[in-house]
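Fold and contact review
The residues making up each chain are set out below.
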Amino acid sequence: MASPIARASELTPADPTKRPVAMVTGASSGIGLAIAQQLATSGYNLAICARRENRLAEVANTLRRQNIDVLSQVVDLRDESQILSFFTAVKRQWNQLDVLINNAGLGHKESLMSGETEAWREMLEVNVLALCICTREAISLMQPVNKGHIVHVSSMSGHRVPAITGVYSATKFAVRSLTETLRRELRASNSAIRITSVSPGIVETEFAQKYHQSADQAAQTYSQFPVLQAVDIANAVSYALSQPAHVEVNDILVRPTHQES
Ligand SMILES: NC(=O)c1ccc[n+]([C@@H]2O[C@H](COP(=O)([O-])OP(=O)(O)OC[C@H]3O[C@@H](n4cnc5c(N)ncnc54)[C@H](OP(=O)(O)O)[C@@H]3O)[C@@H](O)[C@H]2O)c1
């Protein structure tokens, strides 16, 4: 069977400098890693970032086995200057960006009644503010050619409010709003750039371990029923990216079949 993003590789035959370029934030694990792997298989050159240097280097080496160019840079998305330097590096290497995957994100289980301000701040800075900065910088590269696709990895927690998610759910409601706001701004400026949000339910990644600060609770989260795997979300992203230019997939909700809410 053809790759789900076959159209992308069709764009990019022999000359590697003519391949489409995709940026994936948070590519060191989980959903971002799976998306980067699928994009590499489909022939994209990749710009990947995260904070864990060793992990990122391992991912970059694996991706390079697909004979694509990979720019990997350690970036803490809470620091705007690091984000801007990453975009400068992309501009220097390709002066082109076809796809931005705003994937990096995290949750802290910190209630509104007694949570730590720093934990709230980190969620807001990574899940919301960095996503806005990356989007703005990506658009500045896409606009001159009036072509590109931005994908936000949101969450089912941006569609309903689960118990005890504190600020996390609010950040994903923000992403939902930012998706529609960007769509409207792009339409108002008659741009052909597209925006998609993908909203996963429970996916087995490092997310739950970090959220609960407990390996046992993470294992419990992922064993209650067959949960999604990161590749399931990569498939949803591929679906959106593979649509013809006149089709803009705006939101995809993906739950494990047995997830209740
Ligand atoms: N897993 C789920 O059940 C689930 C459900 C709905 C939505 N999501 C969303 O899916 C996205 C990916 O999460 P995941 O499940 O794949 O979890 P994950 O395995 O923990 O991956 C999170 C990624 O974000 C990166 N990241 C976090 N903080 C960062 C920062 N300050 N600067 C740069 N990179 C940062 C991490 O890299 P470093 O730690 O190396 O920096 C990592 O690559 C998130 O937006 C999350 O909200 C997940």
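Residues numbered from 1 in each chain as written. Predicted model: local features only at pLDDT ≥ 70, side-chain atom pairs only at ≥ 80, totals over all residues. Heavy atoms only, no water.

Keep this limit in mind: UniProt positions are given in the numbering used here, feature names are shortened, and annotations may be inferred rather than shown by experiment.
You'll find the chain entered in an unreviewed UniProt entry as NADP-dependent 3-hydroxy acid dehydrogenase YdfG, with Phormidesmis priestleyi Ana given as the organism. Annotation of the chain in UniProt includes, under Sequence similarities (unreviewed entry), the sentence "Belongs to the short-chain dehydrogenases/reductases (SDR) family."

1. A closer look at the site of the ligand
Counted only if it meets this: Here a residue counts as near a molecule or strand whenever at least one of its heavy atoms sits within 4 Å of it. Distance and chemistry together define a polar contact, namely a pair of N or O atoms within 3.5 Å, with one atom able to donate a hydrogen and the other to accept it when in protein, and with adjacent residues in sequence counting only for side-chain atoms on both sides. Computed with a 1.4 Å probe, the accessible areas rest on the Shrake-Rupley method; for each residue, only the protein chains presented here act as cover. Numbered from the N terminus, helices here are DSSP runs of H or I no shorter than four residues, and strands are runs of E no shorter than two.
Near the ligand you find 30 residues, and of these Arg51, Asn103, Tyr168, Thr205 and Lys210 are the closest. Between the ligand and the protein, one listed contact pairs a nitrogen atom with a side-chain N or O atom of Asp76 at 3.0 Å. One nitrogen or oxygen atom from the side chain of Thr205 is found 2.7 Å from an oxygen atom belonging to the ligand. Within the complex, the protein chains bury 97% of what would otherwise be the 880 Å² of accessible surface of the ligand. Elements with a contribution of two residues or more to the shell around the ligand: α2 (30–41), α6 (166–188) and α7 (207–212).

2. A closer look at the packing of aromatic side chains
Two numbers describe a pair of aromatic rings. These are the distance of the centres and the angle of the planes. Here is the rule: Only Phe, Tyr and Trp rings are paired, with Trp represented by its six-membered ring, and only when their centres lie within 6.5 Å; those with planes under 30 degrees apart are stacked, over 60 edge-to-face, the remainder tilted. Categorising residues by exposure relies on relative accessible area from a 1.4 Å probe, with only protein chains included: less than 20% of the type maximum marks a residue as buried, more than 50% marks it as exposed, and the intermediate range marks it as partly exposed.
One pass over the full model with this rule turns up 3 aromatic pairs. Relative to Phe207, the ring of Tyr168 lies with its centre 5.3 Å away and its plane at 55°, an arrangement referred to as tilted. One end of the pair, Tyr168, is in helix α6; the other, Phe207, is in helix α7, and 39 residues separate them in sequence. Tyr168 gets classed as buried once you look at its relative accessible area, which sits at 8%. Aromatic side chains Phe207 and Tyr211 sit 6.1 Å apart centroid to centroid with 10° between the ring planes, which places their arrangement in the stacked category. Taken together, the residues span about one helical turn, with Phe207 and Tyr211 both in helix α7 at a distance of 4 residues. You can call Phe207 partly exposed: its relative accessible area is 28%. Note on Tyr211: relative accessible area 11%, which makes it buried. In textbook terms, an aromatic cluster arises when at least three aromatic residues are bridged by ring pairs, as seen for Tyr168, Phe207 and Tyr211.

3. Observations concerning the packing of α2 against helix α9 (residues 230–241)
Where we set the bar: Axis lines are fitted to C-alpha atoms, over the contacting stretch for helices. Their N-to-C directions set the angle, which ranges from 0 to 180 degrees. Working rule for angles: under 35 degrees goes down as roughly parallel, over 145 as roughly antiparallel, 65 to 115 as roughly perpendicular, anything else as oblique. In a left-handed crossing the near helix is turned counterclockwise from the far helix by less than a right angle, and in a right-handed crossing that turn is clockwise. By definition, residues are in contact when any of their heavy atoms lie within 4.5 Å. Charged residues are taken to be Asp, Glu, Lys and Arg, nonpolar residues to be Ala, Val, Leu, Ile, Met, Phe, Trp, Tyr, Cys and Pro, and polar residues to be all remaining types, Gly included.
Relative to each other, α2 and α9 sit at 50°, their axes nearing to 8 Å. One way to sum up the angle between α2 and α9 is to call them oblique. Relative to α9, α2 is oriented so that their crossing is right-handed. In this structure, α2 contributes Gly30, Ile31, Ala34, Ile35, Gln38 and Leu39 to the contact, and α9 contributes Ala230, Val231, Ile233, Ala234, Asn235, Val237, Ser238 and Leu241. Its residues assigned to classes, the contact of α2 with α9 comprises 10 nonpolar, 4 polar and no charged.

4. Regarding the environment of Ala40
Position of Ala40 among the secondary structure elements: in helix α2. Note on Ala40: relative accessible area 2%, which makes it buried. Those residues within four positions of Ala40 in sequence are excluded, and the remaining contacts are Leu46, Leu63, Gln66 and Ile68.

5. Looking at the pattern of salt bridges
Stated formally: Throughout this description, the term salt bridge denotes a Lys or Arg side-chain nitrogen within 4 Å of a carboxyl oxygen of Asp or Glu.
Tallying each qualifying case throughout the model produces 12 salt bridges. As a salt-bridge pair, Glu206 and Lys210 come within 3.5 Å of each other at their nearest N and O atoms. One connected set of salt bridges, linked through shared partners, spans Arg51, Asp76, Arg78 and Glu122.

6. A look at the packing of helix α4 (residues 80–93) against helix α5 (residues 117–142)
Two elements in contact, α4 and α5, have axes separated by 10 Å at closest approach and are oriented at 25°. On the basis of their axis angle, the class for α4 and α5 is roughly parallel. Here α4 runs over α5; the crossing is right-handed. Of α5, the residues touching α4 (which contributes Glu80, Ile83, Leu84, Phe87, Val90 and Lys91) are Ala130, Ile133, Cys134, Arg136, Glu137, Ala138 and Leu141.

7. Section: the pairing of strand β6 (residues 194–200)
In regular strands, side chains alternate between the two faces of the sheet. The condition is simple: Note on pairing: two strands pair once DSSP finds at least 2 bridges between them. With the strands aimed away from the viewer, a crossover counts as right-handed if its path from the first strand over the helix to the second runs clockwise.
Most of β6 is tucked away, with 7 of its 7 residues classed as buried. Both faces of β6 are covered, namely the face carrying Arg194, Thr196, Val198 and Pro200 and the face carrying Ile195, Ser197 and Ser199. Alignment of strand β5 (residues 149–153) against β6, held across 5 bridges, turns out to be parallel. Counted as the bridge partner of His152 is Ser197 from β6. Taking the sense of rotation as the criterion, the β-α-β connection linking β5, α6 and β6 turns out right-handed. Relative to strand β9 (residues 251–254), β6 is paired through 4 bridges, and the arrangement is parallel. Looking at the pairing, Val198 lines up with Ile252 of β9.

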